[in-house]
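# Descriptive structure summary
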Number of protein chains: 2
Amino acid sequence: MELETVSKNRCFGGTQGVYRHDSKACNGPMKLAVYLPPQAEQAERDGRRLPVLTWLSGLTCTEENFTVKAGAQRVAAELGLIVVAPDTSPRGQNIPGEDESYDFGSGAGFYLDATREPWSKAYNMYSYVTRELQALVAERFPVDTARQGIMGHSMGGHGALTIHLKNPGTYRSCSAFSPIVAPSQVPWGHKAFGGYLGEDRAAWRQYDATELVRERPSKATILIDQGEADNFLSEQLRPELFAEAARRAGQPFELRLQPGYDHSYFFIASFIEDHLRHHAAALKG
Amino acid sequence: MELETVSKNRCFGGTQGVYRHDSKACNGPMKLAVYLPPQAEQAERDGRRLPVLTWLSGLTCTEENFTVKAGAQRVAAELGLIVVAPDTSPRGQNIPGEDESYDFGSGAGFYLDATREPWSKAYNMYSYVTRELQALVAERFPVDTARQGIMGHSMGGHGALTIHLKNPGTYRSCSAFSPIVAPSQVPWGHKAFGGYLGEDRAAWRQYDATELVRERPSKATILIDQGEADNFLSEQLRPELFAEAARRAGQPFELRLQPGYDHSYFFIASFIEDHLRHHAAALKG
(Lines give C-alpha, C1' and ligand atoms only; values in the text may rest on other atoms or scores of the structure.)
Protein backbone atom coordinates (compact mmCIF):
# COMPACT_ATOMS: atom_id res chain seq x y z
CA MET A 1 0.00 0.00 0.00
CA GLU A 2 1.14 3.50 -0.81
CA LEU A 3 1.98 5.66 2.18
CA GLU A 4 2.88 9.31 1.67
CA THR A 5 4.99 10.98 4.36
CA VAL A 6 3.47 14.25 5.54
CA SER A 7 6.06 14.96 8.24
CA LYS A 8 8.70 13.29 10.38
CA ASN A 9 10.11 14.70 13.61
CA ARG A 10 12.72 13.25 15.91
CA CYS A 11 11.08 12.86 19.32
CA PHE A 12 12.50 11.23 22.47
CA GLY A 13 15.09 9.45 20.37
CA GLY A 14 12.46 7.97 18.05
CA THR A 15 10.45 9.34 15.16
CA GLN A 16 7.00 10.90 15.17
CA GLY A 17 5.65 10.53 11.66
CA VAL A 18 2.44 11.69 9.99
CA TYR A 19 1.36 9.89 6.82
CA ARG A 20 -1.40 9.95 4.23
CA HIS A 21 -2.83 7.06 2.23
CA ASP A 22 -5.86 6.24 0.08
CA SER A 23 -8.50 4.38 2.03
CA LYS A 24 -11.13 2.13 0.46
CA ALA A 25 -13.19 1.86 3.64
CA CYS A 26 -13.29 5.66 4.01
CA ASN A 27 -13.54 6.41 0.29
CA GLY A 28 -10.61 8.80 0.11
CA PRO A 29 -7.35 9.96 1.60
CA MET A 30 -6.82 9.41 5.35
CA LYS A 31 -4.07 10.68 7.60
CA LEU A 32 -2.50 8.83 10.50
CA ALA A 33 0.28 9.45 13.02
CA VAL A 34 2.80 6.75 13.91
CA TYR A 35 5.39 7.01 16.66
CA LEU A 36 8.38 4.72 16.28
CA PRO A 37 10.38 4.45 19.51
CA PRO A 38 14.19 4.40 19.47
CA GLN A 39 14.14 0.59 19.65
CA ALA A 40 12.47 0.36 16.22
CA GLU A 41 15.61 0.88 14.15
CA GLN A 42 17.55 -1.90 15.84
CA ALA A 43 14.47 -4.11 15.79
CA GLU A 44 14.16 -3.68 12.04
CA ARG A 45 17.82 -4.55 11.56
CA ASP A 46 17.38 -7.67 13.70
CA GLY A 47 14.09 -8.64 12.11
CA ARG A 48 12.33 -8.22 15.45
CA ARG A 49 8.94 -6.59 15.90
CA LEU A 50 7.59 -4.33 18.62
CA PRO A 51 4.23 -4.18 20.42
CA VAL A 52 1.83 -1.63 18.95
CA LEU A 53 -0.90 0.46 20.53
CA THR A 54 -3.67 2.13 18.55
CA TRP A 55 -5.04 5.37 19.98
CA LEU A 56 -8.54 6.50 18.98
CA SER A 57 -9.35 10.17 19.49
CA GLY A 58 -12.60 11.86 20.41
CA LEU A 59 -15.08 14.17 18.73
CA THR A 60 -13.62 17.02 16.63
CA CYS A 61 -10.10 15.56 16.75
CA THR A 62 -7.74 14.54 13.98
CA GLU A 63 -4.60 12.40 14.19
CA GLU A 64 -2.83 15.49 15.53
CA ASN A 65 -4.41 16.13 18.96
CA PHE A 66 -3.04 13.08 20.70
CA THR A 67 0.27 13.36 18.89
CA VAL A 68 1.08 16.90 20.05
CA LYS A 69 -0.76 17.08 23.38
CA ALA A 70 -0.70 13.77 25.23
CA GLY A 71 3.05 13.40 25.79
CA ALA A 72 2.85 9.67 25.10
CA GLN A 73 6.12 9.50 23.18
CA ARG A 74 8.28 9.79 26.30
CA VAL A 75 6.86 6.62 27.83
CA ALA A 76 6.53 4.81 24.48
CA ALA A 77 10.25 5.47 23.97
CA GLU A 78 11.07 4.02 27.36
CA LEU A 79 8.87 0.94 26.89
CA GLY A 80 9.62 0.32 23.21
CA LEU A 81 6.02 0.72 22.03
CA ILE A 82 4.86 1.78 18.58
CA VAL A 83 1.83 4.09 18.83
CA VAL A 84 -0.59 4.59 15.94
CA ALA A 85 -3.21 7.38 15.92
CA PRO A 86 -5.64 7.52 13.00
CA ASP A 87 -8.01 10.36 12.14
CA THR A 88 -11.53 10.20 13.61
CA SER A 89 -13.58 10.10 10.40
CA PRO A 90 -13.46 10.27 6.62
CA ARG A 91 -12.97 13.81 5.29
CA GLY A 92 -14.30 15.84 2.39
CA GLN A 93 -17.03 13.46 1.22
CA ASN A 94 -19.37 16.27 0.19
CA ILE A 95 -22.27 14.64 1.98
CA PRO A 96 -24.95 17.19 2.94
CA GLY A 97 -24.66 17.87 6.68
CA GLU A 98 -21.18 16.38 6.91
CA ASP A 99 -19.64 19.51 8.43
CA GLU A 100 -22.63 20.96 10.24
CA SER A 101 -22.19 19.60 13.76
CA TYR A 102 -19.27 18.66 15.98
CA ASP A 103 -20.83 15.34 17.00
CA PHE A 104 -21.84 13.87 13.64
CA GLY A 105 -20.08 13.56 10.28
CA SER A 106 -16.55 14.96 9.97
CA GLY A 107 -14.55 14.36 13.14
CA ALA A 108 -17.25 12.06 14.49
CA GLY A 109 -16.98 8.68 12.77
CA PHE A 110 -17.82 6.76 15.98
CA TYR A 111 -15.69 3.78 14.91
CA LEU A 112 -18.59 1.96 13.28
CA ASP A 113 -19.58 0.93 9.75
CA ALA A 114 -22.52 3.05 8.63
CA THR A 115 -25.40 1.23 7.01
CA ARG A 116 -27.50 4.25 6.00
CA GLU A 117 -27.02 6.03 2.69
CA PRO A 118 -25.16 8.22 1.93
CA TRP A 119 -22.93 7.71 4.99
CA SER A 120 -22.27 4.07 4.23
CA LYS A 121 -20.16 4.93 1.19
CA ALA A 122 -17.39 6.34 3.43
CA TYR A 123 -18.20 6.30 7.15
CA ASN A 124 -16.74 2.89 7.87
CA MET A 125 -14.25 3.61 10.63
CA TYR A 126 -14.73 0.18 12.19
CA SER A 127 -13.52 -1.58 9.05
CA TYR A 128 -10.92 1.12 8.55
CA VAL A 129 -9.32 0.62 11.97
CA THR A 130 -9.69 -3.14 12.33
CA ARG A 131 -8.82 -4.16 8.78
CA GLU A 132 -7.34 -1.48 6.55
CA LEU A 133 -5.24 0.39 9.11
CA GLN A 134 -4.33 -2.94 10.71
CA ALA A 135 -2.97 -4.27 7.41
CA LEU A 136 -1.28 -1.02 6.46
CA VAL A 137 0.60 -0.70 9.75
CA ALA A 138 1.60 -4.37 9.73
CA GLU A 139 3.01 -3.97 6.22
CA ARG A 140 4.87 -0.70 6.68
CA PHE A 141 6.14 -0.69 10.28
CA PRO A 142 7.93 -3.27 12.44
CA VAL A 143 4.89 -4.11 14.55
CA ASP A 144 4.25 -7.43 16.26
CA THR A 145 0.64 -8.14 15.34
CA ALA A 146 0.46 -10.69 18.16
CA ARG A 147 1.05 -7.88 20.68
CA GLN A 148 -1.51 -5.17 20.04
CA GLY A 149 -3.45 -2.96 22.37
CA ILE A 150 -6.11 -0.30 21.85
CA MET A 151 -6.97 2.83 23.80
CA GLY A 152 -8.82 6.08 23.29
CA HIS A 153 -10.63 9.11 24.66
CA SER A 154 -14.35 9.88 24.80
CA MET A 155 -15.76 8.77 21.41
CA GLY A 156 -12.36 7.08 20.98
CA GLY A 157 -12.78 5.39 24.36
CA HIS A 158 -16.03 3.97 22.99
CA GLY A 159 -14.06 2.84 19.94
CA ALA A 160 -11.36 1.21 22.06
CA LEU A 161 -13.82 -0.65 24.29
CA THR A 162 -15.99 -1.94 21.46
CA ILE A 163 -13.10 -2.88 19.17
CA HIS A 164 -11.37 -4.73 22.01
CA LEU A 165 -14.51 -6.61 23.05
CA LYS A 166 -15.25 -7.61 19.45
CA ASN A 167 -11.64 -8.56 18.70
CA PRO A 168 -9.99 -9.63 21.97
CA GLY A 169 -7.54 -11.88 20.19
CA THR A 170 -6.20 -9.06 18.04
CA TYR A 171 -6.35 -6.11 20.45
CA ARG A 172 -5.30 -7.96 23.56
CA SER A 173 -5.10 -4.99 25.93
CA CYS A 174 -7.53 -2.11 26.33
CA SER A 175 -7.81 1.20 28.17
CA ALA A 176 -9.88 4.34 27.90
CA PHE A 177 -10.08 7.92 29.11
CA SER A 178 -13.57 9.28 29.80
CA PRO A 179 -15.18 6.85 27.31
CA ILE A 180 -18.71 6.90 25.97
CA VAL A 181 -19.63 3.48 27.37
CA ALA A 182 -23.32 3.19 26.53
CA PRO A 183 -24.04 5.07 23.29
CA SER A 184 -27.51 3.51 23.02
CA GLN A 185 -28.46 5.34 26.23
CA VAL A 186 -26.98 8.83 25.72
CA PRO A 187 -27.61 11.79 23.36
CA TRP A 188 -24.28 11.58 21.49
CA GLY A 189 -24.95 7.93 20.74
CA HIS A 190 -28.59 8.45 19.79
CA LYS A 191 -27.65 11.07 17.24
CA ALA A 192 -24.70 9.18 15.76
CA PHE A 193 -26.23 5.70 15.73
CA GLY A 194 -29.55 7.01 14.43
CA GLY A 195 -27.75 8.83 11.63
CA TYR A 196 -25.28 6.14 10.66
CA LEU A 197 -27.27 2.98 11.48
CA GLY A 198 -30.93 4.03 11.41
CA GLU A 199 -33.47 3.02 13.99
CA ASP A 200 -32.74 -0.71 14.10
CA ARG A 201 -31.72 -1.03 17.74
CA ALA A 202 -30.28 -4.50 17.15
CA ALA A 203 -27.66 -2.90 14.92
CA TRP A 204 -26.76 -0.47 17.70
CA ARG A 205 -25.93 -3.24 20.14
CA GLN A 206 -22.84 -4.38 18.28
CA TYR A 207 -21.29 -0.94 18.83
CA ASP A 208 -22.32 -0.45 22.44
CA ALA A 209 -19.66 -1.45 24.99
CA THR A 210 -22.19 -1.92 27.78
CA GLU A 211 -24.21 -4.31 25.59
CA LEU A 212 -21.15 -6.09 24.25
CA VAL A 213 -19.59 -6.75 27.63
CA ARG A 214 -22.74 -8.57 28.75
CA GLU A 215 -22.48 -10.98 25.84
CA ARG A 216 -18.78 -11.35 25.41
CA PRO A 217 -16.58 -10.20 28.26
CA SER A 218 -12.85 -10.48 27.57
CA LYS A 219 -10.11 -11.84 29.79
CA ALA A 220 -8.12 -8.59 29.72
CA THR A 221 -8.32 -6.09 32.55
CA ILE A 222 -9.74 -2.91 31.05
CA LEU A 223 -8.35 0.29 32.58
CA ILE A 224 -10.67 3.32 32.56
CA ASP A 225 -9.78 6.79 33.86
CA GLN A 226 -12.61 9.26 34.32
CA GLY A 227 -12.30 12.84 35.55
CA GLU A 228 -14.86 13.74 38.20
CA ALA A 229 -15.03 17.36 36.97
CA ASP A 230 -15.80 16.25 33.41
CA ASN A 231 -18.73 18.30 32.03
CA PHE A 232 -19.96 15.30 30.03
CA LEU A 233 -19.83 12.79 32.86
CA SER A 234 -23.46 12.47 33.91
CA GLU A 235 -25.19 13.01 30.56
CA GLN A 236 -22.94 11.46 27.90
CA LEU A 237 -20.37 9.21 29.54
CA ARG A 238 -21.96 7.42 32.51
CA PRO A 239 -19.16 4.93 33.24
CA GLU A 240 -21.25 3.35 36.00
CA LEU A 241 -23.39 1.72 33.30
CA PHE A 242 -20.40 -0.14 31.93
CA ALA A 243 -19.01 -0.88 35.37
CA GLU A 244 -22.27 -2.51 36.46
CA ALA A 245 -22.55 -4.62 33.30
CA ALA A 246 -18.87 -5.59 33.45
CA ARG A 247 -19.17 -6.63 37.08
CA ARG A 248 -22.14 -8.84 36.34
CA ALA A 249 -20.48 -10.36 33.29
CA GLY A 250 -17.19 -11.07 35.05
CA GLN A 251 -15.22 -8.66 32.88
CA PRO A 252 -12.03 -7.63 34.71
CA PHE A 253 -11.75 -3.85 34.82
CA GLU A 254 -10.44 -0.95 36.86
CA LEU A 255 -12.46 2.28 36.84
CA ARG A 256 -10.52 5.14 38.42
CA LEU A 257 -12.39 8.33 39.22
CA GLN A 258 -9.92 11.20 39.24
CA PRO A 259 -10.98 14.16 41.41
CA GLY A 260 -10.80 17.60 39.80
CA TYR A 261 -9.96 16.42 36.29
CA ASP A 262 -12.01 17.44 33.25
CA HIS A 263 -12.43 16.14 29.69
CA SER A 264 -9.31 17.81 28.26
CA TYR A 265 -5.93 16.62 27.06
CA PHE A 266 -4.46 18.01 30.29
CA PHE A 267 -6.28 15.08 31.92
CA ILE A 268 -5.01 12.60 29.33
CA ALA A 269 -1.43 13.86 29.64
CA SER A 270 -1.60 13.45 33.42
CA PHE A 271 -2.37 9.72 33.25
CA ILE A 272 -1.13 8.52 29.84
CA GLU A 273 1.94 7.01 31.47
CA ASP A 274 -0.23 4.67 33.56
CA HIS A 275 -2.09 3.59 30.43
CA LEU A 276 1.03 2.82 28.45
CA ARG A 277 2.45 0.81 31.35
CA HIS A 278 -0.88 -1.04 31.65
CA HIS A 279 -0.67 -2.07 27.99
CA ALA A 280 3.05 -2.90 28.10
CA ALA A 281 2.52 -5.18 31.09
CA ALA A 282 -0.43 -6.95 29.45
CA LEU A 283 1.36 -7.43 26.13
CA LYS A 284 4.53 -8.73 27.73
CA GLY A 285 2.67 -11.70 29.21
CA MET B 1 -4.03 44.19 39.27
CA GLU B 2 -7.09 42.65 37.66
CA LEU B 3 -6.64 39.15 36.31
CA GLU B 4 -9.45 37.48 34.41
CA THR B 5 -9.51 33.68 34.33
CA VAL B 6 -9.85 32.31 30.79
CA SER B 7 -9.56 28.63 31.72
CA LYS B 8 -8.34 26.33 34.46
CA ASN B 9 -7.55 22.65 34.03
CA ARG B 10 -6.34 20.15 36.57
CA CYS B 11 -3.02 18.80 35.29
CA PHE B 12 -0.59 16.43 37.04
CA GLY B 13 -2.21 17.22 40.35
CA GLY B 14 -1.77 20.97 39.91
CA THR B 15 -3.62 23.59 37.89
CA GLN B 16 -2.92 24.88 34.40
CA GLY B 17 -4.50 28.31 34.17
CA VAL B 18 -4.85 30.81 31.34
CA TYR B 19 -5.53 34.43 32.28
CA ARG B 20 -6.09 37.80 30.66
CA HIS B 21 -5.19 41.24 32.00
CA ASP B 22 -4.83 44.80 30.77
CA SER B 23 -1.24 45.68 30.02
CA LYS B 24 0.15 49.21 30.02
CA ALA B 25 3.42 48.21 28.38
CA CYS B 26 1.60 46.43 25.56
CA ASN B 27 -1.28 48.91 25.32
CA GLY B 28 -4.10 46.40 25.67
CA PRO B 29 -5.19 42.98 26.89
CA MET B 30 -2.56 40.27 27.18
CA LYS B 31 -2.96 36.59 27.88
CA LEU B 32 -0.65 34.41 29.93
CA ALA B 33 -0.52 30.79 31.06
CA VAL B 34 0.46 29.87 34.62
CA TYR B 35 1.04 26.34 35.87
CA LEU B 36 0.71 25.89 39.62
CA PRO B 37 2.16 22.56 40.79
CA PRO B 38 0.41 20.46 43.46
CA GLN B 39 2.71 21.96 46.11
CA ALA B 40 1.24 25.45 45.55
CA GLU B 41 -1.92 24.94 47.62
CA GLN B 42 -0.07 23.80 50.71
CA ALA B 43 2.57 26.49 50.18
CA GLU B 44 -0.13 29.17 50.13
CA ARG B 45 -1.65 27.82 53.33
CA ASP B 46 1.80 27.83 54.97
CA GLY B 47 2.76 31.23 53.60
CA ARG B 48 5.63 29.66 51.68
CA ARG B 49 6.55 30.55 48.12
CA LEU B 50 7.78 28.42 45.24
CA PRO B 51 10.46 28.98 42.59
CA VAL B 52 9.11 30.32 39.29
CA LEU B 53 10.25 29.86 35.72
CA THR B 54 9.22 32.12 32.87
CA TRP B 55 9.01 30.51 29.43
CA LEU B 56 9.26 32.74 26.35
CA SER B 57 7.93 31.29 23.11
CA GLY B 58 9.09 31.77 19.54
CA LEU B 59 7.75 33.39 16.38
CA THR B 60 4.03 32.86 15.62
CA CYS B 61 3.34 31.42 19.07
CA THR B 62 0.92 32.49 21.78
CA GLU B 63 0.85 31.47 25.45
CA GLU B 64 -0.77 28.23 24.29
CA ASN B 65 1.93 26.40 22.33
CA PHE B 66 4.24 25.66 25.23
CA THR B 67 1.32 24.98 27.53
CA VAL B 68 -0.24 22.22 25.42
CA LYS B 69 2.80 20.80 23.61
CA ALA B 70 5.90 20.82 25.79
CA GLY B 71 4.80 18.47 28.54
CA ALA B 72 6.52 20.63 31.17
CA GLN B 73 3.78 20.23 33.78
CA ARG B 74 4.79 16.68 34.67
CA VAL B 75 8.27 17.71 35.75
CA ALA B 76 7.14 21.03 37.24
CA ALA B 77 4.72 19.03 39.40
CA GLU B 78 7.51 16.75 40.57
CA LEU B 79 9.91 19.62 41.31
CA GLY B 80 7.39 22.09 42.73
CA LEU B 81 7.99 24.79 40.11
CA ILE B 82 5.54 27.46 39.00
CA VAL B 83 5.80 28.01 35.24
CA VAL B 84 4.62 31.23 33.56
CA ALA B 85 4.25 31.54 29.78
CA PRO B 86 3.25 34.94 28.36
CA ASP B 87 2.13 35.71 24.82
CA THR B 88 4.84 36.70 22.32
CA SER B 89 3.62 40.19 21.38
CA PRO B 90 0.87 42.73 21.82
CA ARG B 91 -2.26 41.94 19.80
CA GLY B 92 -4.81 43.92 17.81
CA GLN B 93 -3.02 47.28 17.78
CA ASN B 94 -4.25 48.16 14.28
CA ILE B 95 -0.76 49.19 13.22
CA PRO B 96 -0.31 48.94 9.42
CA GLY B 97 1.75 45.84 8.66
CA GLU B 98 1.16 44.34 12.10
CA ASP B 99 -0.27 41.08 10.75
CA GLU B 100 1.53 40.85 7.42
CA SER B 101 4.51 38.67 8.24
CA TYR B 102 5.24 35.83 10.64
CA ASP B 103 8.52 37.36 11.80
CA PHE B 104 7.50 40.95 12.60
CA GLY B 105 4.55 42.48 14.44
CA SER B 106 1.94 40.14 15.93
CA GLY B 107 3.55 37.00 17.32
CA ALA B 108 7.01 38.51 16.92
CA GLY B 109 7.61 40.99 19.74
CA PHE B 110 11.28 39.97 20.13
CA TYR B 111 11.25 40.77 23.86
CA LEU B 112 12.48 44.34 23.35
CA ASP B 113 11.07 47.85 23.87
CA ALA B 114 10.44 49.42 20.46
CA THR B 115 11.67 52.97 19.98
CA ARG B 116 10.25 53.60 16.52
CA GLU B 117 6.74 54.93 16.01
CA PRO B 118 4.12 53.53 15.82
CA TRP B 119 5.50 50.28 17.32
CA SER B 120 6.73 51.99 20.48
CA LYS B 121 3.18 52.61 21.71
CA ALA B 122 2.67 48.87 22.32
CA TYR B 123 5.61 46.69 21.31
CA ASN B 124 7.37 46.75 24.67
CA MET B 125 7.74 43.11 25.52
CA TYR B 126 10.97 43.69 27.43
CA SER B 127 9.23 45.97 29.92
CA TYR B 128 6.19 43.74 29.85
CA VAL B 129 8.10 40.62 30.88
CA THR B 130 10.64 42.14 33.26
CA ARG B 131 8.36 44.60 35.04
CA GLU B 132 4.63 44.24 34.43
CA LEU B 133 4.39 40.46 34.21
CA GLN B 134 6.96 40.21 37.01
CA ALA B 135 4.81 42.34 39.33
CA LEU B 136 1.55 40.71 38.29
CA VAL B 137 2.79 37.18 38.94
CA ALA B 138 4.38 38.16 42.26
CA GLU B 139 1.10 39.70 43.38
CA ARG B 140 -1.26 36.97 42.27
CA PHE B 141 0.62 33.69 42.68
CA PRO B 142 2.75 32.20 45.50
CA VAL B 143 6.08 32.78 43.73
CA ASP B 144 9.40 33.30 45.45
CA THR B 145 10.83 36.28 43.57
CA ALA B 146 14.28 35.43 44.91
CA ARG B 147 14.18 32.13 43.00
CA GLN B 148 13.36 32.89 39.39
CA GLY B 149 14.61 31.39 36.16
CA ILE B 150 13.97 32.15 32.50
CA MET B 151 13.94 29.94 29.43
CA GLY B 152 12.61 30.01 25.90
CA HIS B 153 12.66 28.77 22.33
CA SER B 154 14.03 30.43 19.19
CA MET B 155 12.94 34.11 19.44
CA GLY B 156 12.07 33.23 23.04
CA GLY B 157 15.53 31.75 23.53
CA HIS B 158 16.88 35.14 22.47
CA GLY B 159 14.52 36.68 25.01
CA ALA B 160 15.65 34.34 27.78
CA LEU B 161 19.37 34.90 27.13
CA THR B 162 19.13 38.69 26.91
CA ILE B 163 16.77 39.08 29.86
CA HIS B 164 18.97 36.85 32.01
CA LEU B 165 22.18 38.65 31.06
CA LYS B 166 20.61 42.06 31.73
CA ASN B 167 18.96 40.95 34.99
CA PRO B 168 21.07 38.14 36.46
CA GLY B 169 20.00 38.98 40.01
CA THR B 170 16.32 38.57 39.17
CA TYR B 171 16.38 35.71 36.65
CA ARG B 172 19.09 33.66 38.31
CA SER B 173 18.96 30.64 36.04
CA CYS B 174 18.72 30.51 32.24
CA SER B 175 18.26 27.99 29.46
CA ALA B 176 17.25 28.02 25.82
CA PHE B 177 16.16 25.76 22.99
CA SER B 178 17.46 26.69 19.52
CA PRO B 179 17.84 30.37 20.45
CA ILE B 180 18.49 33.30 18.15
CA VAL B 181 21.79 34.24 19.78
CA ALA B 182 23.07 37.04 17.55
CA PRO B 183 20.12 38.95 16.11
CA SER B 184 22.38 41.76 14.86
CA GLN B 185 24.00 39.26 12.51
CA VAL B 186 21.02 37.32 11.10
CA PRO B 187 18.02 38.12 8.85
CA TRP B 188 15.31 37.67 11.53
CA GLY B 189 17.16 40.13 13.77
CA HIS B 190 17.88 42.63 11.00
CA LYS B 191 14.21 42.81 10.11
CA ALA B 192 12.91 43.01 13.69
CA PHE B 193 15.54 45.33 15.12
CA GLY B 194 15.42 47.60 12.06
CA GLY B 195 11.66 47.81 12.35
CA TYR B 196 11.37 48.22 16.10
CA LEU B 197 14.62 50.09 16.88
CA GLY B 198 15.64 51.77 13.62
CA GLU B 199 19.16 51.77 12.24
CA ASP B 200 21.00 52.83 15.41
CA ARG B 201 23.22 49.80 15.88
CA ALA B 202 24.12 50.85 19.41
CA ALA B 203 20.48 50.31 20.36
CA TRP B 204 20.62 46.82 18.89
CA ARG B 205 23.51 45.75 21.13
CA GLN B 206 21.44 45.82 24.31
CA TYR B 207 19.16 43.11 22.87
CA ASP B 208 21.86 40.91 21.35
CA ALA B 209 22.96 38.02 23.58
CA THR B 210 26.31 37.63 21.82
CA GLU B 211 27.06 41.33 22.40
CA LEU B 212 25.74 41.31 25.95
CA VAL B 213 27.73 38.29 27.06
CA ARG B 214 30.97 40.02 26.07
CA GLU B 215 30.22 42.98 28.32
CA ARG B 216 28.42 41.33 31.19
CA PRO B 217 28.74 37.59 31.54
CA SER B 218 26.72 36.11 34.39
CA LYS B 219 27.79 33.54 36.96
CA ALA B 220 24.98 31.14 36.03
CA THR B 221 25.62 28.18 33.75
CA ILE B 222 23.44 28.72 30.69
CA LEU B 223 22.05 25.51 29.17
CA ILE B 224 21.39 25.58 25.42
CA ASP B 225 19.93 22.69 23.41
CA GLN B 226 20.15 22.93 19.63
CA GLY B 227 18.84 20.39 17.13
CA GLU B 228 21.31 19.55 14.38
CA ALA B 229 18.52 19.00 11.83
CA ASP B 230 17.02 22.45 12.54
CA ASN B 231 16.27 24.23 9.24
CA PHE B 232 17.13 27.60 10.78
CA LEU B 233 20.44 26.54 12.31
CA SER B 234 22.99 27.98 9.91
CA GLU B 235 21.19 31.12 8.75
CA GLN B 236 19.17 32.40 11.73
CA LEU B 237 20.40 30.72 14.93
CA ARG B 238 24.20 30.25 14.72
CA PRO B 239 24.80 29.18 18.32
CA GLU B 240 28.56 29.06 17.65
CA LEU B 241 28.61 32.88 17.69
CA PHE B 242 27.32 32.93 21.27
CA ALA B 243 29.50 30.00 22.31
CA GLU B 244 32.65 31.74 21.08
CA ALA B 245 31.79 35.04 22.79
CA ALA B 246 30.76 33.25 25.98
CA ARG B 247 33.99 31.27 26.09
CA ARG B 248 36.10 34.41 25.71
CA ALA B 249 34.08 36.27 28.34
CA GLY B 250 34.21 33.47 30.88
CA GLN B 251 30.44 32.89 30.78
CA PRO B 252 29.67 29.36 32.02
CA PHE B 253 27.48 27.56 29.51
CA GLU B 254 26.66 24.16 28.08
CA LEU B 255 25.75 23.95 24.40
CA ARG B 256 24.34 20.55 23.48
CA LEU B 257 23.95 19.69 19.80
CA GLN B 258 21.22 17.09 19.47
CA PRO B 259 21.53 14.90 16.36
CA GLY B 260 18.41 14.52 14.22
CA TYR B 261 16.26 17.03 16.10
CA ASP B 262 14.55 19.92 14.34
CA HIS B 263 13.00 23.25 15.44
CA SER B 264 9.65 21.82 16.57
CA TYR B 265 7.95 21.27 19.90
CA PHE B 266 8.73 17.55 19.52
CA PHE B 267 12.32 18.64 20.15
CA ILE B 268 11.36 20.80 23.12
CA ALA B 269 9.23 18.04 24.65
CA SER B 270 12.15 15.62 24.35
CA PHE B 271 14.48 17.74 26.50
CA ILE B 272 12.25 19.98 28.63
CA GLU B 273 12.81 17.71 31.62
CA ASP B 274 16.56 18.42 31.53
CA HIS B 275 15.86 22.16 31.42
CA LEU B 276 13.50 22.14 34.38
CA ARG B 277 15.98 20.10 36.41
CA HIS B 278 18.74 22.53 35.40
CA HIS B 279 16.71 25.46 36.75
CA ALA B 280 15.56 23.63 39.88
CA ALA B 281 19.15 22.75 40.77
CA ALA B 282 20.36 26.31 40.21
CA LEU B 283 17.52 27.87 42.19
CA LYS B 284 17.90 25.48 45.10
CA GLY B 285 21.47 26.73 45.74
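This text follows the structure it describes.
Everything quoted here is computed from the prediction, not taken from an experiment. (Residues numbered from 1 in each chain as written. Chains lettered and ligands numbered in written order. Predicted model: local features only at pLDDT ≥ 70, side-chain atom pairs only at ≥ 80, totals over all residues. Heavy atoms only, no water.)

## What about the sheet that holds strand 7 (residues 171–177) of chain B?
By way of backbone hydrogen bonds, the strands of a sheet pair with one another, either parallel or antiparallel. Residues and elements named next belong to chain B. Put simply, the rule is: Two strands qualify as a pair provided that DSSP identifies no fewer than 2 bridges between them. Comment: elements are numbered from the N terminus, with helices defined as DSSP H or I runs of at least four residues and strands as E runs of at least two. Axis definition: a line fitted to C-alpha atoms, limited for helices to the stretch in contact. Angles are taken between N-to-C directions and run from 0 to 180 degrees.
With mixed pairing, the nine strands of this open sheet are ordered in space as 1-2-3-5-4-6-7-8-9. Taken across any chain shown, the strands that pair with only one partner, and hence form the sheet edges, are strand 1 (4–11) and strand 9 (253–258). Ignoring which end each strand starts from, the neighbouring axes of this sheet average 20 degrees apart. The pairing of strand 1 with strand 2 (residues 14–23) spans seven bridges and is antiparallel.

## Considering the sheet that holds strand 3 (residues 28–36) of chain A
Residue and element names in this part refer to chain A. Worth spelling out the cut-off: It only takes one pair of heavy atoms within 4.5 Å for two residues to be counted as in contact.
What the nine strands build is an open sheet, ordered 1-2-3-5-4-6-7-8-9; its pairing is mixed. Taken across any chain shown, the strands that pair with only one partner, and hence form the sheet edges, are strand 1 (4–11) and strand 9 (253–258). With direction set aside, neighbouring strand axes in the sheet form an average angle of 20 degrees. Two strands pair when backbone bridges link them, and strand 3 and strand 5 (residues 82–86) are joined in this way by four bridges, in the antiparallel orientation. Within strand 5, the position partnered with alanine 33 by the bridge is alanine 85. Helix 10 (residues 239–249) rests against strand 8 (222–227) and strand 9 of the sheet, and its axis sits at about 155 degrees to strand 9.

## Observations concerning the side chain of histidine 263 of chain B
All names here are of chain B. As a reminder, the rule being used: Burial here depends on accessible area, computed with a 1.4 Å probe over protein chains only, as a share of the maximum for the residue type. Under 20% is buried, over 50% is exposed, and the range in between is partly exposed. Any pair of nitrogen or oxygen atoms within 3.5 Å is treated as a polar contact; in protein, a donor-acceptor pairing is required on top of that, and neighbouring residues in sequence qualify only through side-chain atoms on both sides.
Looking at where histidine 263 falls in the secondary structure, it is placed in the loop between strand 9 and helix 11 (265–284). A residue is classified by how much of its surface remains accessible, and histidine 263, at 16% relative accessible area, is buried. Side chain to side chain, histidine 263 and aspartate 230 meet in a polar contact 2.6 Å long. Not counting the four nearest positions on each side in its chain, histidine 263 is found in contact with His153, Ser154, Ser178, Asp230, Phe232 and Leu237.

## Remarks on the pairing of strand 6 (residues 143–153) of chain A
All names here are of chain A. The cut-off we apply is this: Call a crossover right-handed when, viewed with both strands pointing away from you, the route from the first strand across the helix to the second goes clockwise.
For strand 6, the tally of buried residues reaches eight of eleven residues, placing the bulk of the element in the interior. Two elements, strand 4 (residues 50–56) and strand 6, share six bridges in a ladder whose sense is parallel. Residue pairing across strands places threonine 54 opposite isoleucine 150, the latter belonging to strand 6. The sheet contact formed by strand 6 and strand 7 (residues 171–177) spans six bridges and is parallel. Pairing of glycine 152 across the sheet is with alanine 176, part of strand 7. Handedness of the β-α-β unit built from strand 6, helix 5 (residues 155–166) and strand 7 comes out right-handed.

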